[in-house]
Amino acid sequence: MNIKPKRYDLTFAPDLDNFIFSGNESLHFEISLKINDEIITINSDTVNIDQETQTMNITLSRILRPKDNCVLDLEFSGKLKAGSPGFHIYRYFEQNENYKAADTELMTIYARSVFPCLDQPDLKAVFSVTIITKEGYQILSNGRMISRTCNTDTKLCENKFEDTPEMSTYLLALAVGIFDFTEEIVEDNFNSYMRLRIYTPPGKLNKLKYLMEYAKKSFEFFSNMFGVPLPIMKLDHLITVGHGSAMENWGLIIYDIKMFDTYKEGLLKSSKLKAAELICHQTAHQWLGNLVTIKLWDDIWLSEGITSWATTQCISHLFPDQDPDISFLLKIYPEYLSVGKKKTSLPLTRKIKTLEEISSVVDNGAHLNGEAISTMIANILGKDEFLRGVNNYLKKFKNKNADTDDFFGSLFETSGIDVKDIFESWTKNPGYPIIYISETEDCSYLNITQERFLRTKDGRNDDQDVPWKIPILLSTHTTGSKRLIHFIRQRTSYLHLPDNFYHQSDYWININSKVNSLVRVKYNNGLLESLLNSAQNGHLQIQDKIAIILDNYEFAKMGIGKTSQFLNIANAFKEEKNLSIWKLLVPRIRKFFDTWYKVPNVKRDDINRFIVCTLSKILEILDHNSSFEDDTYDKLKNDIVRLLALSNHYNTVEKSRKIFDENKFQYKDIMRLDELKATYFSVGLSYLCDNGVENVAKEIGKYGLSPIFFMPIQSLGYIRDENMLNYILDAVFSKETDEEQALNILSELQNNTLNGNRLLKLIVYRSEDFKKKFKHTNFFEKAILSFISNQITENDAISARYEFSSKGLHIPDQSFYFVLEKIKAKSAWISRDMDDVLNYLSQYVCSD
Ligand SMILES: [Zn+2]
């Protein structure tokens, strides 16, 4: 760009009746670089443009001097579009009235679709906004409204807003509509006042005004944590219909109402957490993103990553039972590990060139990987030191732009630690490393080798990545709570073991204590065994147990480790009281169960014994601590009760039978009220083929699958009686059930390990109903694929596909082969570890 913008005077006149807008602008700029240009170039997607670069050239009559104060006057017009970024419009029906509203979503490069501008984050300017609309609408923009004058003849109102601080184009916001709102004024740490408002569609304020508490607390929390005042006087949270996502526009954050739960009767904890997370995240962006902005989209992880890290801290401030370190390891870390293991995963910082790349840059990866790396930096530096660096960064670059090096530099200035040197291998390499740990022959050194961790089908490492500089945080049976830090940079490194290390019989060594580094650790058998012993003796932190579960399950599935090692870990943790551990362990046990229960050679009684032994203790704990408001353990409870019931656990089956008998005539109320009771009830339902079941099944057939039926439906998936299965299929195929619901229930039926191919035969038999139900290609495909993906051998999958095809139910090769790849991996797992699993289970003794 050859010019630098200073100020935009903008007037917009949106016409919601005719779905158009017009406007004019005065762009104040100075000539920054070249003197001899007689052309200036700015972004636009409408007139005289070069489609490829989305720019327009304006030829001038004379040469402009550098530092000239120039003004370019332009007029523009455009369409208010539905369902796309830019200036969009939506209609909705509320309280028996039809409404229209319009607002903007300009991230990343959509400002140019609304007005001609210099549309990149490092070209900050002041925006003066005026909006002209028909009377009767409320108008919002980034700043406070300073005047509103209405003309009684034209019925048009002119709304003028205060100047914004210097900011990037993508943060400009306009909103026109009819809203309800609530307001509070809070004082920040710098003795200035912030006006907070929650705006909602008409009639929705009552359900959403609780958000004010989060808006207030998160603002106070961040203003304290970041230590820099914001140059804005108000912060609105506007909740609209149709926006599609959430956007952190400075002073006017916009959310889609779909992102909040407005349907349930009481507000459950998971809904509260989700809402608080949204509010915290967008509020943190007012500093990280808006006050300090990245120079180019290449560094998007900086905005999203530190913001997501700060969000996790904010949540633990709002909900003290949410430990930020554990939350990270439960939610973000497993996803980070899973995304990064693909060969196609991208490094955190990279050159982003095309407009297409820019428009899709704010994906999940930016949040996920960004939060992971921010957490690791905070772990290594210590949280306080990390925050000191972040504060320095915000002070130094406020109202300006910064990149990754600027951020690392700010951390270096306050901590004295060469952050760039340590973390560059993490920001520039794709993925993350696995380290293999063993002892040298004389047992005086640990041998540590590293390579990039890749999933099996992507092949092994081709050594193109620079080795990571991996901070090793060592704790052993001799260090106590003290941890020793080492850095390894070579592909193979050696670490001296303390003298007499092996002299104690209960020795152990933990190489990534508290999961401070983003790395998978593969210990040799002896070291893993000793680590498990130390876990049972209470020497390991929760974080360490989480890592052991995540790593070793993955290793078993990939053939790096043995399935018996994972089973051994599950068995070692059976006394564990911390429910977070179970949240990770149980879904993995369930996957093991679902896969191996179908293997003909495996004795089901052996698996049953293992399941009952590992899960019955934790169920007792859950049974005692069941609370209705806290639904965050519902899935865990469900999984455990189901696994135990399928394994014929006597107490679970009897309890289910009893609760079913007591409540079979009022099941609707149970479904709504008590999650754990409902689980028992639904398990009872699937065990007892009496009138109660028939009634429920018929009722579902009559009314379709409304959400309150979800629980019984899940359990109907476990039904063994063929007549009952047909009742459920009647419900699936009835016209009251929509395609998506029908697909859900078919998947649930598929989850039933006991049903196996009986269900497939029924579906093939009822292929005409099936065709009639799934008219849309993607539902149709998904429904068939759910059956095929449930097979455990390649041949079974091929013959299942053939059975469907013979009835005219075809699926394309590409989707089939995609599923087949997964089945191949599954059958490779089974044949690789068959003897290992048979051996482990047959020798398994349940010890108390
Ligand atoms: Zn964000």
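What you see is a predicted model; the values in this text were computed from it and never measured.

(A) Expanded view of helix α11 (residues 525-536). A rise of 1.5 Å per residue sets the reference length of α11, with its 12 residues, at 16 Å; its end C-alpha atoms lie 17 Å apart and thus fit the reference within 8%. Those residues of α11 that sit buried are L527, L528, S530, L531, L532, S534 and A535. Of the surrounding elements, those touching the buried residues of α11 are β20 (433-439), β21 (445-452), β25 (509-510), β26 (520-523), α12 (542-558) and α13 (563-572). Just beyond α11, the residue with positive phi is G538, at close to 80 degrees.

(B) Examining helix α14 (residues 579-596) more closely. The first and last C-alpha atoms of α14 sit 25 Å apart over 18 residues, in line with the 26 Å expected at 1.5 Å per residue. At L585, α14 shows its largest bend, some 25 degrees, and a proline, P587, comes one to four positions later. α14 sits mainly inside the fold: 15 of its 18 residues count as buried. Of the residues flanking the start of α14, the one acting as N-cap is N578, its side-chain oxygen 2.7 Å from the backbone nitrogen of S580.

(C) Highlighting the environment of D499. Here D499 shows up in the loop between β24 (492-496) and β25. Once the C-alpha coordinates of D499 and S444 are considered, the two residues, 55 residues apart in sequence, prove to be 7.4 Å apart.

(D) Representation of the pattern of salt bridges. Under the defined criterion, the tally for this structure stands at 43 salt bridges. For the salt bridge of K420 with D405, the shortest nitrogen-to-oxygen distance reads 3.4 Å. Here K420, found in helix α10 (residues 419-428), pairs with D405, found in helix α9 (residues 404-415); they are 15 residues apart in sequence, far enough to count as distant. For the salt bridge of E424 with K420, the shortest nitrogen-to-oxygen distance reads 3.6 Å. With E424 and K420 both in helix α10 and four residues apart, this pair spans about one turn of that helix.

(E) Spotlight on the sheet that holds β24. Strand order in this open sheet of four strands is β24-β21-β20-β26, and the pairing throughout is mixed. At either margin of the open sheet sits one strand with a lone partner, and together these are β24 and β26. The sheet shows a mean angle of 25 degrees between the axes of neighbouring strands, direction not considered. Alignment of β20 against β26, held across four bridges, turns out to be parallel. Counterpart to I434 in the pairing with β26 is R520. Sheet strands in contact with α11 are β20, β21 and β26, and its direction is about 105 degrees off that of β26.

(F) Spotlight on the coordination of the zinc ion. Only H281 (NE2), H285 (NE2) and E304 (OE) from the protein coordinate the zinc ion, and they sit 2.0 to 2.1 Å from it. Summarised as a motif, the one-chain spacing of the donors to the zinc ion is H-x3-H-x18-E. Separated by four residues within a single helix, H281 and H285 lie in helix α3 (residues 269-285), roughly one turn from each other. The exposure class of H281 is buried, given its relative accessible area of 11%. Exposure remark for H285: the relative accessible area of 0% places this residue in the buried category.

(G) Representation of the pairing of strand β13 (residues 174-177) within the structure. Side chains L174 and V176 project from β13 onto one buried face, and the interleaved A175 and G177 project onto a second face that is buried too. Sheet topology note: the strand β10 (residues 138-141)/β13 ladder contains four bridges and is antiparallel. When the bridges of β13 are listed, S141 appears paired with L174.

(H) Region of interest: the UniProt feature "binding site: Zn(2+)" (unreviewed entry) in the protein chain. Sequence positions flagged by UniProt for "binding site: Zn(2+)" (unreviewed entry) are, in local numbering, H281, H285 and E304. The named residues occupy 24 residues along the chain; their greatest pairwise C-alpha distance, 9.0 Å, places them in one compact cluster. If we ignore the near neighbours within four places in the chain, the residues touching H285 are E248, N290, S303, E304 and T307. With respect to the helices, strands and loops of the structure, E304 is situated in helix α4 (residues 300-318).

(I) Main features of the environment of S815. Mapped onto the elements, S815 comes out in helix α28 (residues 813-843). Residue class for S815 comes out buried when judged on its relative accessible area of 15%. Along the backbone, S815 and E781 are 34 residues apart, and their C-alpha atoms lie at a distance of 8.2 Å. Beyond its immediate stretch of four places on either side in the chain, S815 contacts E781 and L785. A polar atom in the side chain of S815 sits 2.9 Å from the side chain of E781.

(J) Inspection of unusual backbone geometry at higher detail. Looking along the chain, the bond that leaves M107 and enters T108 is cis, with omega of -5 degrees. Although it is not a glycine, N191 sits at a positive phi angle of roughly 60 degrees. Relative to the helices and strands, N191 is located in the loop between β14 (180-187) and β15 (193-200). Residue N399 is not a glycine yet carries a positive backbone phi of 65 degrees. Mapped onto the fold, N399 is located in the loop between α8 (383-397) and β19 (401-402).

(K) Seen up close, the environment of K603. Looking at the secondary structure, you find K603 in the loop between α14 and α15 (604-624). Judged by its relative accessible area of 58%, K603 is exposed. In this structure, the C-alpha to C-alpha distance between K603 and L838, residues 235 residues apart in sequence, is 8.3 Å.

Cut-offs and rules
Residues numbered from 1 in each chain as written. Predicted model: local features only at pLDDT ≥ 70, side-chain atom pairs only at ≥ 80, totals over all residues. Heavy atoms only, no water. Helix = DSSP H or I, 4+ residues; strand = E, 2+ residues; numbered from the N terminus. Expected span 1.5 Å × (residues − 1). Buried < 20%, exposed > 50% of the residue type's maximum accessible area, 1.4 Å probe, protein only. Contact = heavy atoms within 4.5 Å. Bend = angle between axes of the 7 residues up to and from the residue. Polar contact = N/O pair within 3.5 Å; in protein donor to acceptor, adjacent residues only side chain to side chain. Salt bridge = Lys/Arg side-chain N within 4 Å of Asp/Glu carboxyl O. Pairing = 2+ DSSP bridges. Axes fitted to C-alpha atoms, helices over the stretch in contact; angles between N-to-C directions. Donors = N, O, S within 2.8 Å, 3.2 Å for Na, K, Ca; no water. UniProt positions renumbered as here; feature names shortened; annotations may be inferred.

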